[in-house]
Amino acid sequence: ELAKAVDINTDSVEGTSSTEVKLNFIVERALTADQIGVSANAKLQDVSIPNATFGKNLTHGKLVLNVNNRALNILGEARLENVPVKLEWHENFYDDAEIQTKYEISGQLSAERFRKFLSFYVKPFDPEYLSGDLRFDVTAGIKSDGQGKLHTEIDLKDARILIPEIGWVKPK
């Protein structure tokens with residue numbers, strides 16, 4: 001049920017885990033599922049999830065998962081399309097939550113891999129204009145109605161930028 005709640009097809013997920021589960025309830029005949037407190041903490045190793053986020057495959061995951069009746073939190077390191085990343089995923093299980101899902105991903109890759117990774121081919125990101133290494137931080141917040149915001153920061157400190165039209169160069 002948890003995998004369905006966060007829209008993951010478990011048939012294609014791989015990895016190992018060490019998990020501690022806690023149940024909290026009063027024993028009575030009229031006990032309902034919503035009266036049971038559930039929490040779990042897991043250490044996940046070698047996690048692989050096809051199409052994990054933005055259509056990209058997640059592999060080599062070393063993650064920590066904490067889940068209870070209210071929320072899911074996952075944090076750790078993995079590779080997203082073979083790019084090493086640090087990631088955090090927060091999922092709120094209440095429909096009236098301001099932010100239902102939040103992803104935070106950070107890492108570093110070359111400008112060339114950046115273009116391919118995002119399928120982002122606009123002139124300011126062409127090899128003629130941009131080369132070298134880019135650090136990135138991406139945060140996506142999604143409301144329960146599917147609307148959301150995507151915030152991206154790209155650190156160009158280790159990149160070379162050329163604007164030939166005005167004769168300007170920022171070296172690496």
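In case you missed it, the structure is sitting above this.
Quantities reported herein were computed from a predicted structural model and do not represent experimental measurements.

Participant: Just to check I follow, could you spell out the overall build of the protein for this structure?
Facilitator: A count of helical and extended segments in the protein gives two helices and 10 strands. Along the protein, from the amino end to the carboxyl end, the secondary structure elements read α-β-β-β-β-β-β-α-β-β-β-β. On C-alpha atoms alone, the protein measures out to a radius of gyration of 20 Å, which is more than a quarter above the 16 Å that the 2.2 N^0.38 rule sets for 172 residues. In terms of principal-axis extent, the alpha carbons of the protein reach across some 80 × 35 × 25 Å.

Participant: Mind showing me how you'd approach the pairing of strand β7 (residues 130–142) here?
Facilitator: Within a regular strand, side chains alternate between the sheet's two faces. Here 10 bridges tie strand β6 (residues 101–110) to β7, and the two strands are oriented antiparallel to one another. If you follow L109 over to β7, its bridge partner there is L134. Of the strand pairs in this sheet, β7 and strand β9 (residues 159–163) are connected by three bridges, and their pairing is antiparallel. The partner of S131 across the bridge, within β9, is R160.

Participant: Explain helix α2 (residues 111–118) here, please?
Facilitator: Spacing of three or four residues puts side chains on the same side of an α-helix, whose turn is 3.6 residues. For α2, the set of buried residues is A111, F114, R115 and F117. Looking straight down α2, one finds that the buried residues subtend no more than 165° of arc, so they occupy a single side. Its buried side turned inward, α2 meets β3 (56–68), β4 (71–80), β5 (83–92), β6, β7 and β8 (148–155). Downstream of α2 by a residue or two, S119 has a phi angle that is positive, lying close to 50°.

Participant: Would you take a moment to explain the pairing of β3 for this structure?
Facilitator: By the bridge criterion, nine bridges tie strand β2 (residues 37–53) to β3 in an arrangement that is antiparallel. Counted as the bridge partner of K43 is V64 from β3. Linking β2 to β3, which pair antiparallel, is a turn of two residues; within it F54 sits at a positive phi near 50°. Here β3 runs beside β4; their pairing, made up of eight bridges, is antiparallel. Pairing of L58 across the sheet is with L80, part of β4.

So, how was this worked out
- Residues numbered from 1 in each chain as written.
- Predicted model: local features only at pLDDT ≥ 70, side-chain atom pairs only at ≥ 80, totals over all residues.
- Heavy atoms only, no water.
- Helix = DSSP H or I, 4+ residues; strand = E, 2+ residues; numbered from the N terminus.
- Rg over C-alpha atoms; globule rule 2.2 N^0.38 Å.
- Pairing = 2+ DSSP bridges.
- Buried < 20%, exposed > 50% of the residue type's maximum accessible area, 1.4 Å probe, protein only.
- Arc of directions from axis to C-beta.
- Contact = heavy atoms within 4.5 Å.

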